Structure formats: C-alpha cells, structure tokens
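As a plain string of letters, each chain reads:
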Amino acid sequence: MRLSHKFLQTLTSANDRTVRYGLAIVVTGLTLLIGLLLDQVFGGIPPVILLIIPVAVGAWYGGLWPGALSALLGGLGYDYFFLEPRHSLFVITRAEWERLALYMVICWLVSWLIAITQTARRRAEAHASAVEGLVRDLDTERARLKIIIENIPAGLLLTDAPSGRIVMANPRLEQMVGHPLISPPGIVEQRDWGAYHSTGQPFQKHEYPLEQSLRGETVQNFEALYSRGDGSWKAWLRVSTVPVRDASDNIIGVVGIASDISKEKQAQEELSRSQER
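Remember, predicted model here, so these are calculated numbers, not experimental data.

In this model helix 3 (residues 64–82) runs 26 Å from its N-terminal to its C-terminal C-alpha over 19 residues, within 8% of the 27 Å that 1.5 Å per residue would give. Inspection of helix 3 places Pro 66, Gly 67, Ala 68, Ser 70, Ala 71, Gly 74, Gly 75, Gly 77, Tyr 78, Asp 79 and Phe 82 among the buried residues, and these make up the whole buried set.

On to the packing of helix 3 against helix 4 (residues 94–151), then. Interhelical geometry of helix 3 versus helix 4 gives an angle of 160 degrees and a closest axis separation of 9 Å. As summarised for this structure, helix 3 and helix 4 are arranged roughly antiparallel, according to the angle between their axes. The two elements helix 3 and helix 4 cross, and the hand of that crossing is right-handed. From helix 3, Leu 64, Trp 65, Gly 67, Ala 68, Ser 70, Ala 71, Leu 72, Gly 74, Gly 75, Tyr 78 and Asp 79 reach across to helix 4, where they touch Arg 99, Leu 100, Tyr 103, Met 104, Cys 107, Trp 108, Ser 111, Trp 112 and Ala 115.

So, on to the pairing of strand 6 (residues 251–260). In this sheet, strand 6 lies alongside strand 1 (residues 155–160) in antiparallel orientation, the contact comprising 6 bridges. Directly across from Asp 160, in strand 6, lies its bridge partner Gly 253.

When you line up the elements, Asp 160 lands in strand 1. Dropping the residues within four chain positions of it, Asp 160 is found in contact with Arg 165, Val 167, Leu 214, Ile 252 and Gly 253.

Applying the stated criterion to the full structure yields 7 salt bridges. With its nearest N and O atoms 3.7 Å apart, the salt bridge here joins Arg 215 to Glu 217. For Glu 217, a relative accessible area of 36% translates into the label partly exposed. Among the charged side chains, a salt-bridge network with shared partners connects Glu 223, Arg 238, Glu 264 and Lys 265.

Rules used throughout
- The residue numbers shown here count from 1 along each chain, following its written sequence.
- Selection of residues for local features in this predicted model requires a pLDDT of at least 70, selection of side-chain atom pairs for listing and counting requires 80 or more, and totals for whole chains, interfaces and linings are taken over all residues.
- Hydrogens are left out, water is left out, and the side-chain values use all remaining heavy atoms of the structure.
- Think of it this way: any DSSP run of H or I at least four residues long counts as a helix, any run of E at least two long counts as a strand, and we number them from the N terminus.
- Given a helix with a known number of residues, its expected span is that number minus one, times 1.5 Å.
- When a residue's accessible area, from a 1.4 Å probe over protein chains only, is under 20% of the maximum for its type it is buried; when over 50% it is exposed; and in between it is partly exposed.
- Helix axes are fitted only over the stretch in contact, all axes being lines through C-alpha atoms; the angle between N-to-C directions runs from 0 to 180 degrees.
- Each angle gets one of four labels, with under 35 degrees taken as roughly parallel, over 145 as roughly antiparallel, 65 to 115 as roughly perpendicular, and the rest as oblique.
- Two helices cross in a left-handed way if the nearer one is turned anticlockwise from the farther one by less than a right angle. They cross in a right-handed way if the turn is clockwise.
- In this analysis, two residues are considered to be in contact whenever any of their non-hydrogen atoms come within 4.5 Å of each other.
- When DSSP finds two or more bridges between a pair of strands, those strands are recorded as paired.
- In the sections that follow, a salt bridge refers to a side-chain nitrogen of Lys or Arg positioned within 4 Å of a carboxyl oxygen of Asp or Glu.

Here is the structure:
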C-alpha cells in the first residue's frame, strides 16, 4: 500500500511538472506563431517584448523555471525566425546581442517576481485555510463546552478578577438561587444574598470562597447556608472555587462550582434528632 501511494504521488507530481512545462512550451510556440503572422501581414519584425507574454504565463501557472524555459525558448525562437540571417541562431550585430540580453534579463526578472508573488499567495491561502480550520475547531469546542456547562448537574460560575464580577453562570446555578446572576450591561451588579455558618453567624467578606480564590487560594467543599437578602430563598450549598491564572501566573478570574445539599443537611438533622430521642 505504501509503495502504491508513493508511486501515485510520484506520478501525480510528474504529470504536474509535464503540464507546467508543457504549458510554457505551447504558449511560447503560439506567441512565436503570432509573431510570424504579424511579420507576414505587416512586413515588419515584431517587438521582442511580445515574448514576455509566454514568460508571464509560464511563471504564473508553473513557477520560476517554466517561466525561465519560456524566456529561453522565446529568445532562441526570436533569433531564429526574426533576426538576420533568418533561420539561423547566429547573431551578427552587437545591437542584436544587446537586445537579446536585455530581453533575457527582463524575462528573468518578470519570471522571478511572478514566482515569488505566487508563492506568497499560496502561503497566504494556506495560512487562511489553516486559520479557518482553527476557527471551525474552536467553534466546535465552544459548542461542546456550552452543552456541558448548560447540562452539568451542578451550579457553575466564572468571575472576573480583580473585580469579582460574575461573567458567566450556568442555568443550574441560576435555578438554584432563583434569579439571574449576571447583571445587564450598564447596571452595577448587586449581590443581595449572603452566607451563614451553621450557628447563624453571617460570613465576613474575606470568608467567601470567591474572595479567597481571588487572593489565590483554592477552596474545596465549602459548606454554608446561603440566603437571599429578602429571605425568599435559603439553601445549603457545597461550594468549591479555584483561581484562574494567565501565562504570567496572574489571577484573571475564579471558577466556582456549587451543589445544593439542603436535603443532605435535612437528613442529617433528622438523624441527629432521632438519635437524641
């Protein structure tokens, strides 16, 4: 299989080279034929600059060397068909030598400029294709992550640093607390909820898991009784938070995950009451 694959690659490459060089030869021949027709119709030697056309075509579609081949064949053909003595490659005058030399220099420059332009274009297209592929992959991964975040059976949030502003909260967390956690643009975020110890003592600001992680600490399985300010919602939550750092180890945010353990706490209380009896 490997030998067959390599053979097909070699055959394809060979065919591609044949097409590129063949195109240069054909276009050069056609241009010389047009020059001969112009010579017969108008009775004058066509300008040598006409033969830059096949050079440009060969370089554009084939690259540097097909363009150089067009220049060489065009120069020889022009010498053979149009310069005296005709049908001979012998050049008599110095002016004709200078004309052919200038033609070859111009053709080489044209071929080289077109070749590097085509190379740059192909590289740009390859780069653009690679970027498009990365964007597609990123969109796919983003869609997958969105599905996971929206369907994970736990509350999940992401805050900015150092402000602590909530920038992302999944539906499960908003369902747990009973209201949206992200303020609309232009509205200052107000957190009308608090956390309490089992004794009923409210937490100080520095005790909150988000605040601890904003200082660089990792908090695991933090349990607290969370309550909305108006008392319309109250639940026991188990919270874990971790700081998010950039490449320079600066804290740029905090990721938190929360689970409602109210039923677990209620079961523990009922168990304790039954044991006391």
